[in-house]
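Breakdown of the fold
Now for the letters of each chain:
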Amino acid sequence: MPNNYDRILRSGALALVMKLQGKKLPHPPELIQMAPTRVQTTLDHETDMLVLLDEGVEGKEGLLHVEFQLKKEKGFALRMLEYYIVLQRSHRRRVSQLAIFLNANKRKRSGIREEKPLERVKFSYEELYLHDVPYEFILELETAESVVLAILGNFGTTPREEAVTKIIERIWTLSPDSRVRWILFHQLTTLSKLRKLQPIIKKSLQAMPGIFQTILETYPTSKHDIFAQHFIAEGKAEGKAEGKAEQESISIALLLESGFLTPEQVAVALQVPLER
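If you're wondering where the values come from, they're calculated on a predicted model, not measured in any experiment.

So, the pairing of strand E6 (residues 94–101)
Within E6, seven of the eight residues are buried, which leaves the element mostly enclosed by the surrounding structure. Taken together, the eight bridges between strand E5 (residues 61–69) and E6 define a ladder with parallel strand orientation. Directly across from His65, in E6, lies its bridge partner Gln97. Traced from E5 through helix H2 (residues 76–91) to E6, the parallel crossover comes out right-handed. As judged from the four bridges shared by E6 and strand E8 (residues 121–129), these two strands associate in the parallel manner. Residue pairing for E8: Phe101 is matched across the bridge by Tyr129.

Shown next as structure tokens:
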């Protein structure tokens, strides 16, 4: 899924996927290694995630293929079938497939989907809608990158403000490095756009003096970025443009400084020209 959410999901979804797989197996699966996502055939295929697992079933290793989707696109089943055939032929081991959907869809529920993308071909794969996963389940994970995904989980009867506050506190606890925290909160805000929760995140951060003040002390200009955006609040066109440019500069500088991304990856993540 080549969009702004791709890197966030790749870095955070592994722990969630492993925990969900453990619920279906007699013993928790053991991660052997991440497999290359690019598969070479006569055509070039790029998957979102491939994981080699020891599932504890007859000592056999399985290959788990994960795709992230905003919504179910036309022809998606045919694409999953194509991946299945290519992976089965190239790896020659049991292949299971999981499609993780990010956007909430009350008409859709997680489960095994049987598809018939071609007239004489029928196959199945698993669909997981993150809005079906209780956000508390994701909060239990031990990696901050994975806890970020809780913003797309099911809040149930928990007020949105309370759920967002718990997510922020958990991320803060799991990530002691201030630079990493800033990046994670940026990722949290990016994913929150899918549920229109950005205002609640900003309000929650500002209501947590310890966390908010630490961020401002570490990055004084971040108050112009995702936390306050006073240029936009002033409602001035020139201020809005200036605030956007400043936000862009801060984001570029911090992502490069973190050392996690190359300049090319930063350009893709922020949707800015490489020259910028």
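Examining the environment of Val121
Inspection of the secondary structure assignment puts Val121 in strand E8. Here the alpha-carbon distance between Val121 and Leu78, two residues 43 residues apart in the chain, equals 10.0 Å. Excluding anything up to four places from it in sequence, Val121 contacts Leu81, Glu115 and Lys116.

Structural notes on unusual backbone geometry
Of note, Arg92 is a non-glycine position whose phi angle comes to about 50°, a positive value. Take Arg92: it is sitting in the loop between H2 and E6. Here the phi dihedral of Lys196 falls at roughly 55°; this positive angle occurs in a residue that is not glycine. Mapped onto the elements of the fold, Lys196 is located in the loop between helix H6 (178–192) and helix H7 (198–206).

Comments concerning the packing of aromatic side chains
What characterises a pair of aromatic rings is the spacing of the ring centres plus the angle enclosed by the ring planes. Counted by the stated rule, this structure contains six aromatic pairs. Between Phe123 and Tyr125, the aromatic rings sit 5.8 Å apart at their centres with planes inclined by 40°, giving tilted as the arrangement. For Phe123, a relative accessible area of 11% gives the class buried. With relative accessibility at 2%, the residue Tyr125 sits in the buried group. Taken together, a centroid distance of 5.3 Å and an interplanar angle of 75° make the contact between Tyr135 and Phe155 edge-to-face.

Concerning the nonpolar core
Of all hydrophobic cores here, the largest spans 50 residues; its most connected members are Ile100, Ile151, Ile167, Ile171 and Leu188. It is helix H1 (residues 6–22) that provides the largest number of residues to this core, a total of seven residues. Non-local contacts of Leu188, meaning those with residues more than four positions away in its chain, are made with Val148, Ile151, Ile167, Ile168, Ile171 and Ile201. Core analysis: the second largest hydrophobic core is formed by 10 residues, Met80, Ala99, Tyr125 and Tyr129 among them.

As for the packing of helix H5 (residues 160–174) against H7
Contact geometry of H5 with H7 gives a least axis separation of 9 Å together with a crossing angle of 65°. The way H5 lies across H7 gives a crossing that is right-handed. On the side of H5, the interface is formed by Arg160, Glu161, Val164, Thr165 and Ile168, while H7 contributes Ile200, Ile201, Ser204 and Leu205. Tallied by class, the residues present in the contact of H5 with H7 amount to five nonpolar, two polar and two charged.

Focus: the side chain of Glu115
Examined against the element boundaries, Glu115 turns out to sit in strand E7 (residues 111–118). Reaching out from Glu115, the side chain makes a polar contact with the side chain of Lys72 at a distance of 2.8 Å. At 3.1 Å, the side chain of Glu115 and the side chain of Tyr125 are in polar contact. In this structure, Glu115 is in contact with Lys72, Ala77, Val121, Lys122, Phe123, Tyr125 and Glu127, ignoring residues within four places of it in sequence.

A look at the pattern of salt bridges
Proximity of charged atoms lets side chains of opposite charge pair with each other. In this structure the tally under the stated criterion is eight salt bridges. With a closest N to O distance of 2.7 Å, Glu127 and Lys72 form a salt bridge. Of this pair, Glu127 sits in strand E8 while Lys72 sits in the loop between E5 and H2, and the two are 55 residues apart along the sequence. With relative accessibility at 1%, the residue Glu127 sits in the buried group.

Here is what the cut-offs are and how they apply
Per chain, residue numbering runs from 1 following the sequence as it is written. Totals for whole chains, interfaces and linings use all residues, but because this is a predicted model, local features are given only for residues with pLDDT of at least 70 and pairs of side-chain atoms are given and counted only at 80 or more. With hydrogens and water stripped out, all remaining heavy atoms of the structure feed into the side-chain values. Exposed residues in this analysis have more than 50% of their type's maximum accessible area, buried residues have under 20%, and partly exposed residues fall in between, with area computed by a 1.4 Å probe over protein chains only. In this description a helix means any DSSP run of H or I spanning at least four residues, a strand means any run of E spanning at least two, and both kinds are numbered starting from the N terminus. Should DSSP find at least two bridges between two strands, the strands are regarded as paired. By convention a crossover is right-handed if, when the strands point away from the viewer, the path from the first strand over the helix to the second runs clockwise. Only heavy atoms enter the contact rule, under which two residues are in contact if any of them lie within 4.5 Å. A pair of Phe, Tyr and Trp rings is counted when the ring centres sit within 6.5 Å of each other, with Trp represented by its six-membered ring. The angle between the planes then sorts it: under 30 degrees is stacked, over 60 is edge-to-face, the rest tilted. Remark: nonpolar core denotes a set of buried residues (Ala, Val, Leu, Ile, Met, Phe, Trp, Tyr, Cys) joined through side-chain atoms within 4.5 Å. Axes, fitted as lines to C-alpha atoms, cover a helix only where it is in contact. Angles between the N-to-C directions of the axes lie from 0 to 180 degrees. For any helix crossing, the convention is left-handed if the near helix is rotated counterclockwise from the far helix by under a right angle, and right-handed if that rotation is clockwise. The residue classification treats Ala, Val, Leu, Ile, Met, Phe, Trp, Tyr, Cys and Pro as nonpolar and Asp, Glu, Lys and Arg as charged. All others, Gly included, are polar. N or O atoms within 3.5 Å of each other form a polar contact, as long as, within protein, one can give a hydrogen and the other can take it, and as long as residues adjacent in sequence are counted only when both atoms are side-chain atoms. What counts as a salt bridge is simple: a side-chain nitrogen of Lys or Arg found within 4 Å of a carboxyl oxygen of Asp or Glu.

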